[in-house]
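# Coordinate analysis (summary)
Residue strings, one per chain:
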Amino acid sequence: MIKSIKGMNDILPDDVHKWHSVEDKARYIFELYGFSEIRTPLLEQTELFARTIGEDTDIVGKEMYTFVDKNDTSVTLRPEATASVLRAVIEHSLLNQDSIQKLYSMGPMFRYERPQKGRYRQFHQINVERLGEAGPLCDAETIAMAYDLVDAIGLKNITLEVNSLGCQKCRPVFRKQLKEFLQEKRDMLCKDCSRRIETNPLRVFDCKETACQEAIKDAPRIEDHLCGACRRHFNDLLQTLDALGIPFHKAPRLVRGLDYYVRTTFEIKAEGLGTQNAVAGGGRYDGLVKALGGPDAPGVGFAFGMERAIMLMKEARPVNKGCFVVIQGGREIYRSAMVLISDMRSSGLQAQAVFEKSMKSQMKRADKLGYLVCAIIGETEVAKDMVTIRDMRTSSQVQVKRALAINKIKEMLA
Ligand code: HAM
């Protein structure tokens, strides 16, 4: 038997209603905030991710699905959406048409990680990018939107963690101090972190190794090194979150796994997910659009992990708001019933039947699929131009004129 690839999951019909529910809520909330959808390809040139996410991150260094295509071009299955969205914005000059872009997208991402609960190799994100506004109010509103989504989905025991990573002006000073601190701790660090002291010392904060976490216990805090402008940005953001009634914790070590962030970073964590407890994460990335060859537009965004949210959802399957048509008789009866089913669908009523089975098994199937109403068509019904309608909740039946049947069923379902 051929099985699915490790870390890549099928989403089965019994669960798909939860996916629809999350996607619908996201669309509804994002459009309330004035966002529009953008869809980009799953495959991009490898260089796009190396240049945005950062050569020295786990994602680019270890986790990308990269291969050479038939034209000898190195291509990669997108590990995240930010790079692709920014590429599309620049390629289609969207910022020339409107200097503020508010975009969301949804779909599968690919990272060759070690699969475990909440961590997969193909996973799905709902992604938001907001370009053209540099201030902390924009960060606060973007976080509020992520929070609204998490709230609408009904996730409980949520924590929002917020940090500032400073900017090109203050981060280098902090980096130097951190580097000096880490050099003293080199013996305690894992191989990757030991190398990163020189290349990207902030990445050490993101390392999951216990020894590295122990080593950085007393490391300098970036918050103590923010320049005046970054400090004002951060304070303004926190005050605005307060004003919006969004509870948060400051997380001085929250650097996130991607290199493009400046100033604000944030993560929303939910209880009940085990170690992979971040349902959403994001931050500000001023300078990234320019680095990719676009205008100097600031940006902020986040991505929401669908699998993790769906694992926590208790949402029951919705009741079936349609009609199951039970048919008994010869070809003529079937054809007459199929015309009625077709009329039902034309009127917007969901309808289905199963053909050439016993009455009992048809009823059983209607029950299994959760139908509340059945329409029964047999020889008597066709002869009298009537339909028998059965309420599955009470097992009571009525006969109505065929021309009135659809309205009667809709009434019963309303
Ligand atoms: P990220 O933190 O790498 O950020 O991913 C965002 C969310 O995707 C995580 O919080 C998690 O819920 C989910 N996720 C990530 N990896 C996996 C995995 N292997 N399996 C299951 N779920 C996963 C980004 O991707 C940034 N592009 C977010 C962003 C947008 N920043 C600015 N704009």
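Before any of the text, the structure's been laid out above.
Here goes a summary of the coordinates provided. Since we're looking at a predicted model, the values are computed, not measured.

## Considering the pairing of strand E15 (residues 386-391)
On any regular strand, side chains alternate: one points to one face of the sheet, the next to the other face. Among the six residues in E15, five count as buried, and that is most of the element. For strand E14 (residues 371-377) and E15, the ladder comprises four bridges, and the chain directions are antiparallel. Within E15, the position partnered with valine 373 by the bridge is aspartate 391. Note: E15 against strand E16 (residues 396-401), six bridges, orientation antiparallel. Looking at E16, one finds that methionine 386 is bridged to lysine 401. Once E15 ends, the chain turns through four residues before running back antiparallel as E16, passing serine 395 with a positive phi of about 60 degrees.

## Notes on the site of the ligand
Of all residues adjacent to the ligand, which total 27 residues, the nearest are Glu80, Glu113, Arg256, Tyr261 and Ala278. Threonine 82 is positioned such that a nitrogen or oxygen atom in its side chain is 2.9 Å from a nitrogen atom of the ligand. At 3.4 Å from a nitrogen atom of the ligand is found a main-chain nitrogen or oxygen belonging to phenylalanine 302. Contact with the protein chains covers 95% of the free accessible surface of the ligand, which is 660 Å². When contributions to the shell around the ligand are tallied by element, the ones reaching two or more residues are strand E6 (122-131), strand E10 (278-284) and strand E11 (299-305). Grouping the constituent residues of the shell around the ligand by class yields 12 nonpolar, eight polar and seven charged.

## Here's the deal with the pattern of salt bridges
Under the definition given, this model contains 32 salt bridges. Linking arginine 284 and aspartate 139 is a salt bridge whose minimum nitrogen-to-oxygen distance equals 2.6 Å. Of this pair, arginine 284 sits in strand E10 while aspartate 139 sits in helix H6 (residues 136-153), and the two are 145 residues apart along the sequence. Look at arginine 284 and you get buried, because its relative accessible area is 0%. One salt bridge in this structure joins glutamate 356 and arginine 331, with 3.0 Å as the shortest N-O distance.

## Things to note about unusual backbone geometry
Phi is positive for serine 93, close to 50 degrees, though the residue is something other than glycine. The topology assignment puts serine 93 in the loop between helix H4 (82-91) and helix H5 (94-97). For serine 93, a relative accessible area of 33% translates into the label partly exposed. Not every positive phi belongs to a glycine, and asparagine 157 is a case in point at roughly 50 degrees.

## A short note on H6
In a regular helix each residue adds 1.5 Å, so 18 residues correspond to 26 Å; H6 covers 26 Å between its end C-alpha atoms and thus fits that length. Burial analysis of H6 places 13 of its 18 residues in the buried class, the great majority of the element. Trailing H6 by a residue or two, glycine 154 shows a phi angle of about 90 degrees, which is positive.

Calculation rules
Residue numbers here run from 1 along each chain, matching the order of that chain's written sequence. In view of the model being predicted, local features appear only for residues whose pLDDT reaches at least 70, and side-chain atom pairs are presented and counted only at 80 or more, with totals across whole chains, interfaces and linings using the full set of residues. Based on all heavy atoms of the structure, the side-chain values leave hydrogens and waters out of the count. Buried means the residue's accessible area, taken with a 1.4 Å probe over protein chains only, is under 20% of the maximum for its type, while exposed means over 50%, and partly exposed covers the values in between. The helix count covers DSSP runs of H or I at least four residues long, the strand count covers runs of E at least two residues long, and both are numbered beginning at the N terminus. Two strands pair under a simple rule: DSSP has to find at least two bridges between them. Each residue is tested against the molecule or strand, and it is near if at least one of its non-hydrogen atoms lies within 4 Å. Throughout this description, a polar contact denotes any pair of N or O atoms lying within 3.5 Å of each other; where both atoms belong to protein, one of them has to be capable of donating a hydrogen while the other can accept it, and for residues adjacent in sequence the pair is counted only when both atoms sit in side chains. The accessible surface values rely on the Shrake-Rupley method and a 1.4 Å probe; as for residues, cover is taken only from the protein chains in view. In this classification, Asp, Glu, Lys and Arg are treated as charged, Ala, Val, Leu, Ile, Met, Phe, Trp, Tyr, Cys and Pro as nonpolar, and every other residue, Gly included, as polar. When a carboxyl oxygen of Asp or Glu is within 4 Å of a side-chain nitrogen of Lys or Arg, the pair counts as a salt bridge. Given the number of residues in a helix, its expected span is that number minus one, multiplied by 1.5 Å.

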